[in-house]
Amino acid sequence: GPCPGLISLDRLLIYLFFFVLRTRRCLNEVFQSGAITCLICIASVKRTQAVWSCVGCYCIFHIPCIQKWAKDSIFLVSSVTDEDFGKKEHPWPCPKCRYEYSPQQTPCRYYCYCGKEVDPAPDPWLLPHSCGQVCDREFKPPCGHRCLLLCHPGPCPPCPKMVSVSCLCGKAAPVPRRCSNKGWNCGKTCSRTLPCRIHTCTHTCHAGVCEPCPRVSVQKCVCGRSSAQRQCASPLWHCDQACGRPLPCGNHTCERVCHAGACGECPRAGNRTCPCGKSKCALPCTADVPTCGDTCDKKLDCGLHSCSMRCHKGPCETCRQAVTKQCRCERHTKRMPCHKEYLCDSKCNKTRSCNRHPCKRKCCPGNCPPCDLSCGRMLGCRNHKCPSVCHPGSCYPCPEVVQVKCACGSTSLSVPCGREKSTKPPRCKELCRNPPSCHHPSRERHRCHFGTCPVCKQVCQLPLPGCTHLCPAPCHDQVLLKSNQRAPLAGPWEQPAAPAFECKALPCPPCQVPIPTACLGEHEVSPVQCHARGPFSCGRPCGRTLTCSNHSCSLECHSVTPDPKIPKTEAGKECEHCEESCSKPRPSGCPHPCTLPCHRGNCPPCTQMIRQRCHCKITNLYIECLKLTAADEEARKLLTSCKNQCPKQLRCGHRCKELCHAGDCVENCSQRVKVKCPCKRIKKEENLVLCDDICKKLQRKYAEAELEAFEKRQKGKRKKNRRNTEVEAEEGAWLKYRKYLLVPVCGILLAVGAFYLLQVN
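Treat the numbers as computed from the prediction; the structure is a model and nothing was measured.

## Some remarks on the overall build of the protein
In step 1: Of regular secondary structure, the protein possesses six helices and 24 strands.
In step 2: Considering only intrachain contacts with a sequence separation of at least 6, the fraction spanning at least 24 residues in the protein is 24%.
In step 3: With the model as given, the accessible surface of the protein reaches about 53200 Å², and the carbon-plus-sulfur share is 55%.

As structure tokens, this is what we get:
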């Protein structure tokens, strides 16, 4: 289209609009935080203070500060010389941009930014020092439109109005454009005729007059004698040759350098005067004018006396008349030549315009010159001295701008000199560049900062002493420890100082890596910390088989010197020696222990004698243990028999006829005896005798007699029981319970008596 940059321009203006809003919000925050500084007093500008804004740089100052600044500046300029002091109106400059204001423009009232409202009231909902109305100021450069934003600081934004304009060269048709950017290029060649009237403009569409022709052509000088290659833009030039054309007198030639037009009349033609100017004569141009012989009478350089020489050519000599001269300070007089100036040796005691230094100039007429010494006073920034020539009044604000930098210096903030100490350094987004203070090649990634870096928290990774593992603990090269070195107190009045801390490097902790390690006796493989690795006892018994092959080593797990000839399960030299007696099981029936110490193999045969009673329990027999335990049942019975007749009686009452034997006697008695009946009245030599009728009658009589005796005994017991019950009935309650009543009564009486005695005492 005819305007390819229109869409991008709209986007740019939208961006500018949001930029203005963001700037307004930023200014509001700056005013509230006191970040804006008055360059005159180096103090923060509050939102409730009266301010004035420069129209050149839009810098903000306090009203009292700028008024004092204008007054001091005007006085300083007016007091430079005495002639014009207080007679002329000298301008005063802005402290920052040096934009000049007339004395009438010195601010005397507090206005808003747009100048409509006097003494605007502070409103928390508006920008500080703003009236809140439409700005309505004319745009710069003037375009006929006015600013539509609310009262704001700084310059107005570009004009956003839409106008219909043609291109810069005027060849293209008008198109709608923003007023602030209405000049646009159609992209075609200008083609207008240049001032050389030979060539045309080859530049693309542009505004204003075409540039001078850049081409070169052969051009003649003004007099036309010389030609040279020259820029078409500068066709007029002069050569270095004199004109040389004959003048109308015919005797002389023109001495003017290359010129245009006629040479003119001869300068020696017509009436001429003598050197003193008193006589005139008409002579040809070829003749020189003679002197008249009269006194010269021209005023000398002194302006008081005339030249006393006769008419002469050339300048007059200096005045040599003796006159009485007064010095410049009008204190002394002296007789001396007129051409010499008389200066006395008196020094001026007046103070110069700076009101600080004396004049000290010899023979000063009273208009002492401005002080040429350096001011040297400390500026408000407290960092620099005033570099200006010594002057009255306040010094200019420090023009220096200090860069407040971050710790690494990559991010900076420009502030007026003197505010660097109270200005917080900018936040830097770069990484900290401080070299590591520990053994690591680089620090942990953290932002740029002031002061010491945080403690390194990286893993140590140093090889641990005595092993190949790396230290897994956090870096411990710089650990703050409380110092134990404290100065002794001078007395009880002195307060103990706070504990001091010192930075020390701690050694790496012991290696905690578990290493599978076998115990001394190789009973188990347990994980052991690397720093404590090595032979260790598991606490179990050794368990190796001793030389007796019956017991195992009961010592705590210990090392054993390996011997390839002995199995690992056998005891070594370091194991204990078996000192126990033989504990192998004895043959069945042998009660004797083995007489040998603990040994390998079977025990030897038992040779001890066993004392044992025979079967009839009368005779003690001594039998070899081996024979007794090795014999079978029948042989054992024979060995334990005394070979005598058995002393036991049979049921029949006769003695057993067999030799000493085991077990019960056999009831096979064959001896004949008399047998009685059960009541033992009848006795016969038979196997069985029974009672007859007579025996039965006798048994009944005996039973009846026993019954009568029993009944008599029972009657005697009943009489005794009756007497006992009668005695028990006569016993009363007091006799029955007197034991239980007398004890508490006696205790109460004793307590009362003791209490009474205590009260009396």
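## Considerations on a positive patch on the surface
In step 1: Together, R611, R613, K617 and K648 make up a positively charged patch on the protein surface.
In step 2: In this structure R613 comes out as partly exposed when scored by relative accessible area, which is 45%.

## Details of the side chain of R352
In step 1: With respect to the element layout, R352 can be found in the loop between strand 14 (333–337) and strand 15 (401–405).
In step 2: By relative accessible area, which is 13% here, R352 ends up buried.
In step 3: At 2.9 Å, the side chain of R352 and the backbone oxygen of C359 are in polar contact.
In step 4: Excluding anything up to four places from it in sequence, R352 contacts H357, P358, C359, P369, P370, C371 and D372.

## Quick word on the pairing of strand 13 (residues 322–326)
In step 1: Relative to strand 14, strand 13 runs antiparallel, the two being bridged by five bridges. In the strand pairing of strand 14, A322 is matched with P337.
In step 2: Following strand 13, the chain reverses through six residues before pairing antiparallel with strand 14; E330 in that reversal takes a positive phi of roughly 65°.

## Focus: the nonpolar core
In step 1: Within the largest apolar cluster, 31 residues are counted, with the highest numbers of intra-cluster contacts made by W52, F61 and W92.
In step 2: Secondary-structure elements contributing two or more residues to this core are strand 3 (51–53), strand 4 (60–62) and helix 2 (63–78).
In step 3: In terms of residue count, the dominant contributor to this core is helix 2 (six residues).
In step 4: Contacts of F61, omitting those with residues within four sequence positions, involve C38, L39, I40, A50, V51, W52, I66, C94 and P95.
In step 5: The next biggest cluster of nonpolar side chains, apart from the first, holds 11 residues, and it includes C616, C625, C642 and C660.

## Quick word on helix 2
Along an α-helix, residues three or four positions apart point the same way, because every turn accommodates 3.6 residues.
In step 1: Helix length check: helix 2 (16 residues) gives 23 Å between terminal C-alpha atoms against 22 Å at 1.5 Å per residue, within 8%.
In step 2: Where helix 2 is concerned, the buried positions are I63, C65, I66, W69, A70, D72, S73, I74 and S78.
In step 3: At its buried positions, helix 2 is contacted by strand 1 (37–38), strand 3, strand 4 and strand 5 (92–93).

## Notes on the environment of M609
In step 1: Secondary-structure assignment places M609 in strand 21 (residues 609–613).
In step 2: By relative accessible area, M609 is classed as partly exposed at 43%.
In step 3: Remark: the alpha-carbon pair of M609 and Y622, spanning 13 residues in sequence, is separated by 5.8 Å.
In step 4: Not counting the four nearest positions on each side in its chain, M609 is found in contact with Y622, I623 and E624.

## As for the pattern of salt bridges
Note on pairing: side chains with opposite charge can pair once their charged atoms come close.
In step 1: Evaluation of the coordinates by the stated rule reveals six salt bridges.
In step 2: Here D294 makes a salt bridge to K278, at a shortest N to O gap of 3.4 Å. Highlighted residues: D294 in the loop between strand 12 (280–282) and strand 13 and K278 in the loop between strand 11 (271–273) and strand 12, separated in sequence by 16 residues.
In step 3: A relative accessible area of 39% places K278 in the partly exposed class.
In step 4: Connected through salt bridges with shared partners, the residues K278, D294 and D297 form a single ionic network.

## Let's talk about the environment of I60
In step 1: With respect to the helices and strands, the residue I60 is situated in strand 4.
In step 2: Along the sequence, I60 and L39 sit 21 residues apart, while their C-alpha atoms lie 8.4 Å from each other.

## Things to note about a nonpolar patch on the surface
In step 1: The grouping of V134, L148 and L150 at the surface amounts to a nonpolar patch, some 260 Å² of accessible area in total.
In step 2: Here V134 shows up in the loop between strand 6 (100–101) and strand 7 (162–165).

## A look at the confidence of the model for the protein
In step 1: Summary statistics for the protein give a mean pLDDT of 81 and a share of 90% for residues scoring 70 or more.
In step 2: pLDDT under 50 marks residues 1–8. Its contacts with residues more than four places away, or in other chains, come to five contacts.
In step 3: Here residues 725–730 is modelled with pLDDT under 50, and outside its nearest four sequence neighbours on either side it reaches zero contacts, counting other chains as well.

## Looking at the state of the cysteines
In step 1: Scanning the model with the defined rule gives zero disulfides in all.
In step 2: You can see C147 has no disulfide; the closest cysteine sulfur is in C156, sitting 3.8 Å from it.
In step 3: Residue classification places C147 among the buried positions, given a relative accessible area of 0%.
In step 4: Its sulfur unpaired, C530 is 3.8 Å from the next cysteine sulfur, which belongs to C511.
In step 5: We classify C530 as buried; its relative accessible area is 1%.

## Description of the UniProt feature "transmembrane region" (unreviewed entry) in the protein
In step 1: The sites that carry the UniProt feature "transmembrane region" (unreviewed entry) are, in the present numbering, residues 740–758.
In step 2: End C-alpha atoms of residues 740–758 are separated by 29 Å, and the span's content is 100% helix alongside 0% strand.

## Details of the packing of aromatic side chains
In step 1: Throughout the structure, instances matching the rule amount to five aromatic pairs.
In step 2: Considering the side-chain rings of W92 and Y101, the 4.9 Å spacing of their centres and the 25° angle between planes classify their relative orientation as stacked.
In step 3: Here Y101 falls in the buried class, since its relative accessible area comes to 5%.
In step 4: Put simply, the rings of W52, F61, W92, Y99 and Y101 touch in pairs and so form one group of aromatic residues.

## With respect to unusual backbone geometry
Glycine aside, the phi torsion of most residues is negative, and most peptide linkages are trans.
In step 1: At the junction of K140 and P141, the peptide bond is cis and its omega measures out at 0° in the coordinates.
In step 2: For P141, the position within the fold is in the loop between strand 6 and strand 7.
In step 3: At K617, a residue that is not glycine, the phi angle is positive and equals roughly 65°.
In step 4: Structurally, K617 can be placed in the loop between strand 21 and strand 22 (620–624).
In step 5: Residue K617 is classed as exposed on the basis of its relative accessible area of 59%.

Rules of the game
Residues numbered from 1 in each chain as written. Predicted model: local features only at pLDDT ≥ 70, side-chain atom pairs only at ≥ 80, totals over all residues. Heavy atoms only, no water. Helix = DSSP H or I, 4+ residues; strand = E, 2+ residues; numbered from the N terminus. Contact = heavy atoms within 4.5 Å. Areas by Shrake-Rupley, 256 points an atom, 1.4 Å probe, with all protein chains shown as cover. Patch = residues over 30% accessible without salt bridge, like charges linked within 9 Å, V, L, I, M, F, W, Y side chains within 5 Å. Salt bridge = Lys/Arg side-chain N within 4 Å of Asp/Glu carboxyl O. Lys, Arg positive; Asp, Glu negative; His and termini not counted. Charge placed at Lys NZ, Arg CZ, Asp CG, Glu CD. Buried < 20%, exposed > 50% of the residue type's maximum accessible area, 1.4 Å probe, protein only. Polar contact = N/O pair within 3.5 Å; in protein donor to acceptor, adjacent residues only side chain to side chain. Pairing = 2+ DSSP bridges. Core = buried A, V, L, I, M, F, W, Y, C linked by side-chain atoms within 4.5 Å. Expected span 1.5 Å × (residues − 1). pLDDT = per-residue confidence, 0-100. Disulfide = S-S within 2.5 Å. UniProt positions renumbered as here; feature names shortened; annotations may be inferred. Phe/Tyr/Trp six-rings, centres within 6.5 Å; stacked < 30°, edge-to-face > 60°.

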